[in-house]
Amino acid sequence: MAGPHALDALLAAAGSLGITASGTETVVDLADAGAREELRAVMAVRSLPGMVCACAGEARLDVRGPDGRSLAVVALHHGVTLSWEGWDGDALLADGPGLLGWLDRHGVPEPLRLFREAEARRAAAARERDDWVAAVPGALRGLTERMLQSTGGSELRSEAAGLLAKAVPDPVVRVQAVLAWYAAGSGRYSGYPVYEDLPGAMLGEVPIGEIAAALEDPRAGARHEAGAVRHLIGWRSRKRIRRDIAALPAPLRARLLAAARTSPDRATRVRAGERLGG
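Residues numbered from 1 in each chain as written. Predicted model: local features only at pLDDT ≥ 70, side-chain atom pairs only at ≥ 80, totals over all residues. Heavy atoms only, no water.

Chemist: Residue-level account of the overall build of the chain, with values.
Modeler: Assigned secondary structure in the chain consists of 13 helices and seven strands. Taking 19 Å as the expected radius of gyration for a compact globule of 278 residues, we find that the chain reaches 27 Å, considerably beyond that expectation. For the chain, the spread of C-alpha atoms along the three principal axes comes to 80 × 35 × 25 Å. With 278 residues in all, the chain has 45% of them scored as buried. Between the centroid of the 35 positive side chains of the chain and the centroid of its 34 negative side chains there is a distance of 10 Å. (Helix = DSSP H or I, 4+ residues; strand = E, 2+ residues; numbered from the N terminus. Rg over C-alpha atoms; globule rule 2.2 N^0.38 Å. Buried < 20%, exposed > 50% of the residue type's maximum accessible area, 1.4 Å probe, protein only. Lys, Arg positive; Asp, Glu negative; His and termini not counted. Charge placed at Lys NZ, Arg CZ, Asp CG, Glu CD.)

Chemist: Got a sec to walk through the sheet that holds strand E7 (residues 91-93)? Specific residues and values, please.
Modeler: The strands making up a sheet associate through hydrogen bonds between their backbones, and the pairing can be parallel or antiparallel. Strand order in the open sheet formed by seven strands is E2-E1-E4-E5-E6-E7-E3, with antiparallel pairing between adjacent strands. Here the strands that pair on one side only, and so sit at the sheet edges, are strand E2 (24-29) and strand E3 (45-47). Neighbour-to-neighbour, the strand axes of the sheet open up by a mean angle of 35 degrees, direction not taken into account. (Pairing = 2+ DSSP bridges. Axes fitted to C-alpha atoms, helices over the stretch in contact; angles between N-to-C directions.)

Chemist: Account for the environment of Glu-25, naming residues and giving values.
Modeler: Take Glu-25: it is sitting in strand E2. Between the alpha carbons of Glu-25 and Leu-61 there is a distance of 9.5 Å; along the sequence they are 36 residues apart. With residues up to four places along the chain from it excluded, the contact list for Glu-25 reads Gly-18, Ile-19, Thr-20 and Arg-64. At a separation of 2.7 Å, a polar atom in the side chain of Glu-25 contacts the side chain of Arg-64. (Contact = heavy atoms within 4.5 Å. Polar contact = N/O pair within 3.5 Å; in protein donor to acceptor, adjacent residues only side chain to side chain.)

Chemist: I'd like to hear about the packing of aromatic side chains, residue by residue, with values.
Modeler: Each aromatic ring pair is described using two quantities: the centre-to-centre distance and the angle formed by the ring planes. For the structure shown, the criterion picks out four aromatic pairs. A centroid spacing of 5.3 Å and a plane angle of 45 degrees characterise the contact between Trp-132 and Trp-181, whose relative ring orientation is tilted. Here Trp-132 is found in helix H4 (residues 110-134), whereas its partner Trp-181 is found in helix H7 (residues 171-183), with 49 residues between them in sequence. An identical accessibility class is assigned to Trp-132 and Trp-181; each is buried. By way of ring pairs, the aromatic residues Trp-132, Trp-181 and Tyr-195 are connected into one cluster. Of note, Arg-230 hangs over the ring of Tyr-182, and the distance from its end group to the ring centre comes to 4.4 Å. Above the face of the Trp-235 ring, Arg-271 is positioned so that its terminal group lies 3.9 Å from the ring centre. (Phe/Tyr/Trp six-rings, centres within 6.5 Å; stacked < 30°, edge-to-face > 60°. Lys NZ or Arg CZ within 6 Å of the ring centre and 35° of its normal.)

Chemist: Give a detailed account of the packing of helix H12 (residues 250-260) against helix H13 (residues 266-276), specifying residues and quantitative values.
Modeler: At a minimum axis separation of 9 Å, H12 and H13 run at an interaxial angle of 165 degrees. By the criterion of interaxial angle, the relationship of H12 to H13 is roughly antiparallel. For the pair H12 and H13, the sense of crossing is left-handed. For the pair H12 and H13, the contacting residues are Arg-253, Leu-256, Leu-257 and Ala-260 in the first and Arg-269, Ala-272, Gly-273 and Leu-276 in the second. (Parallel < 35°, antiparallel > 145°, perpendicular 65-115°, else oblique. Left-handed = near helix turned anticlockwise from the far one by under 90°.)

Chemist: Quick rundown of the environment of Pro-111? Include the residues and the values.
Modeler: Here Pro-111 shows up in helix H4. Residue Pro-111 is classed as buried on the basis of its relative accessible area, which comes to 3%.

From the geometry alone we can't say anything about function, so treat these as descriptive.
Here it is in structure tokens:
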């Protein structure tokens, strides 16, 4: 198979580049040596790490000779790698943002837009992870890395519950700590990172009466209500969820529904209306 610099040799002889993104082709003239050198700089390959992206890519780059004949067809993946049949695996770009900017300046903005959206999602996920970690009860801080790498299996859940019970013997304070923890992170009742399920699973083993007592305690606040809403509207969050919700005092149920209606997540508002508004 070709080495990491094989594509650059073809770019050096290119006359034009056909770029297809979102079903539209844009052709960039590379007859000028300066234009070719600029493209070669942003399409330089750092290495061939052997990985392969399964997606089709955000843009198809057809390197064409001066006679218009196709020399190589390359796909751009996530502003990070290039795939080409000449390589055994995808190539890591030396300057992915540089290529995205070059495409944007030449009338192909879609790859840069998608890259920025993905970056924003990653940043949001990192903030949610940090918020979730910050809410971990003090007695469980030593388990943080394990919890982040786990789906909250029964063994880890049992260990966490045991440590928390030992450190916080008051059941009201203990349940409030788990409710506040479950409210942290994404706060969504579905479609959240798997590690966020652990406090929800722990709440599923707490009698509904203890959860009600924690919420009716004067120390309870918005974070505890948000955690309770997330728990009570979740998928399979409790073995007898409808019976447990019905057992909540009517004023408490109304309070939780009012709290849910302030959620920025529309799915939470709708789901809470279905579960708590009956």
